[in-house]
Amino acid sequence: MPDETLAESGVGVVRPSAVSEGPEPRRKRGVPGYRGALAVAAVLGLLVGSGAVALAWGLSGARDGGAGTFTLVGRVRIAADPGATGTCSGSGPLSDVDKGALVTVYDSEGLVVATGTLGSGAYDEAAACTFPIIVRDVPDDSKSYAVRVGWHPRKDVTNEVARTGELVQLLG
């Protein structure tokens, strides 16, 4: 059989493209680390976008200090040992009275109108453990209010006391 016949039929002819030089290397799909970088970029975009919305909302005056609201300022006092100094927190049945404890403000109809938290406790000049109360955005349209710290009983106050910072709530 002439070589041309074999070449034409394709039998027994080894073509260079069919020659294997070993196992074909695995190909990576995409760019290495691309998915991780994409996830990080998405999270950062979400955080930056959320921050921008919060900043715009805060600067617009729609939330804090809006028309018809005031900031209720006062303090909670817990009796302590004479001569005590430094920072403090409640103990025993008052152990929930500490920095960050919930402060709820109710209007004269008993509806919750604002919430805030206690600041850090410190002993005052009379050695009482005292916590500042600051509750923003209290609507000014109620004749009186009730203030509740944690789960302790409410203290009724007039609109004037709520506005002037004269609120002192004694616990324990």
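Quick note: structure is the one above.
Here is a short report on the structure shown in this document. If you're wondering where the values come from, they're calculated on a predicted model, not measured in any experiment.

Moving on, we come to the side chain of Asp107. Along the chain, Asp107 falls in the loop between strand E3 (102-106) and strand E4 (112-118). Buried and unpaired, Asp107 has Arg154 as its nearest opposite-charge partner, separated by 7.8 Å. A distance of 3.0 Å separates a polar side-chain atom of Asp107 from the backbone nitrogen of Glu109. In contact with Asp107, not counting residues within four places along its chain, are Val113, Ser142, Ser144 and Tyr145.

Even without being glycine, Ala127 reaches a positive phi, approximately 65 degrees. Mapped onto the elements, Ala127 comes out in the loop between strand E5 (121-123) and strand E6 (129-139). Phi at Asp137 takes a positive value of approximately 65 degrees, unusual for a residue other than glycine. Since its relative accessible area comes to 17%, Asp137 is described here as buried.

Below, the discussion takes up the state of the cysteines. In total, this model carries one disulfide according to the counting rule given. Covalent S-S linkage joins Cys88 and Cys129, the inter-sulfur distance amounting to 2.0 Å. Residues Cys88 and Cys129 are joined by a disulfide whose S-S torsion is about 100 degrees; by sign, that bridge is right-handed. Of the two residues, Cys88 is situated in strand E2 (residues 87-88) and Cys129 in strand E6; the sequence distance between them amounts to 41 residues. In this structure Cys88 comes out as buried when scored by relative accessible area, which is 10%.

Within the largest apolar cluster, 24 residues are counted, with the highest numbers of intra-cluster contacts made by Leu72, Val76, Val97, Leu118, Ile133, Val135 and Val138. Secondary-structure elements contributing two or more residues to this core are strand E1 (69-78), E3, E4, E6, strand E7 (144-149) and strand E9 (167-171). A per-element tally of this core places E6 first, with five residues.

Moving on, we come to the packing of aromatic side chains. Counted under the stated rule, the structure contains one aromatic pair. Pairing Phe70 with Tyr145 gives two aromatic rings, centres 5.8 Å apart and planes at 70 degrees, and the pair type is edge-to-face. Of this pair, Phe70 sits in strand E1 while Tyr145 sits in strand E7, and the two are 75 residues apart along the sequence. Its relative accessible area of 9% is what places Phe70 among the buried residues. Relative accessible area serves as the criterion here: at 2%, Tyr145 is assigned to the buried category. If you follow Arg154 out to its NZ or CZ, it ends over the ring of Tyr106, 3.5 Å from the centre. Between the NZ or CZ atom of Arg163 and the centre of the ring of Phe70, over which it lies, the distance is 4.6 Å.

What counts, and at which threshold
Residues numbered from 1 in each chain as written. Predicted model: local features only at pLDDT ≥ 70, side-chain atom pairs only at ≥ 80, totals over all residues. Heavy atoms only, no water. Helix = DSSP H or I, 4+ residues; strand = E, 2+ residues; numbered from the N terminus. Buried < 20%, exposed > 50% of the residue type's maximum accessible area, 1.4 Å probe, protein only. Lys, Arg positive; Asp, Glu negative; His and termini not counted. Salt bridge = Lys/Arg side-chain N within 4 Å of Asp/Glu carboxyl O. Polar contact = N/O pair within 3.5 Å; in protein donor to acceptor, adjacent residues only side chain to side chain. Contact = heavy atoms within 4.5 Å. Disulfide = S-S within 2.5 Å. Core = buried A, V, L, I, M, F, W, Y, C linked by side-chain atoms within 4.5 Å. Phe/Tyr/Trp six-rings, centres within 6.5 Å; stacked < 30°, edge-to-face > 60°. Lys NZ or Arg CZ within 6 Å of the ring centre and 35° of its normal.

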